[in-house]
Amino acid sequence: MRVVLDTNVLLSALISPHGYPDTIYRAWRAARFEIVTSSTQLDELRRASRYPKFKSILQPHRVGAMVNNLQRALVLEQLPTDIEADDPFDAFLLSMATVGEADYLGTGDHRAGLIQRGHIGRTRIVTPAVFCADAL
């Protein structure tokens, strides 16, 4: 099973060790599924972790460890730019799901329209809670 995780899910895994995002991240680390990521997402993860709102709650060494771990996932270097999303900043997630032939795209972002979209191609777009209930 292949899974794309929205950057907000990855950051949530670092923030709260008892939530669904952390459960998902630990399941991947235990080799229960394969994560599809991209150099674009790894750059976003690094950049977003330095936002002022995260400075006091994210430890840089934990973010660095996550980025290092994700570099052992399926990392896509080239993504198509013709896939559209309600939020243009989420288009790369849909591209990763399509190119990476993901079964799931997990996101916690209810306002950007990904959850409402429901799927792209074969990829189901679900919340972390739904992913845990359906796939873990």
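Above this text sits the structure in question.
Residues numbered from 1 in each chain as written. Predicted model: local features only at pLDDT ≥ 70, side-chain atom pairs only at ≥ 80, totals over all residues. Heavy atoms only, no water.

**Student:** Please explain the layout of surface pockets as it appears in this structure.
**Tutor:** Over the atoms rolls a probe the size of a water molecule, and its path tells where empty space is left. Space inside the largest pocket adds up to approximately 540 Å³. Asp6, Thr7, Asn8, Glu44 and Asp90 are, among the 23 residues lining the largest pocket, the residues nearest its centre. Looking at the lining of the largest pocket, the elements with two or more residues in it are helix H1 (7-15), helix H3 (39-48), helix H4 (52-55) and helix H6 (91-99). The element best represented in the lining of the largest pocket is H1, accounting for 5 residues. (1 Å grid on protein atoms, 1.4 Å probe; cavity = no way out; pocket = protein on both sides within 12 Å on 5 of 7 lines; lining within 4 Å. Points joined across faces, edges and corners; volume = space filled by probe spheres on them. Helix = DSSP H or I, 4+ residues; strand = E, 2+ residues; numbered from the N terminus.)

**Student:** Teacher, can you tell me more about the nonpolar core here?
**Tutor:** Nonpolar side chains in soluble globular proteins tend to be buried together. Grouped together as the largest cluster of nonpolar side chains are 27 residues, with contacts concentrated most on Phe33, Met66 and Leu70. Listed by contribution, the elements that provide at least two residues to this core are strand E1 (2-5), H1, helix H2 (20-29), H3, helix H5 (60-70) and helix H8 (128-135). Considering each element in turn, this core owes the most residues, 5 residues, to H1. Beyond its immediate sequence surroundings of up to four residues, methionine 66 is in contact with Leu10, Ala13, Leu14, Tyr25 and Leu45. Judged by nonpolar contacts, the second largest core, of 17 residues, contains Ala91, Ala97, Ala102 and Leu114. (Core = buried A, V, L, I, M, F, W, Y, C linked by side-chain atoms within 4.5 Å. Buried < 20%, exposed > 50% of the residue type's maximum accessible area, 1.4 Å probe, protein only. Contact = heavy atoms within 4.5 Å.)

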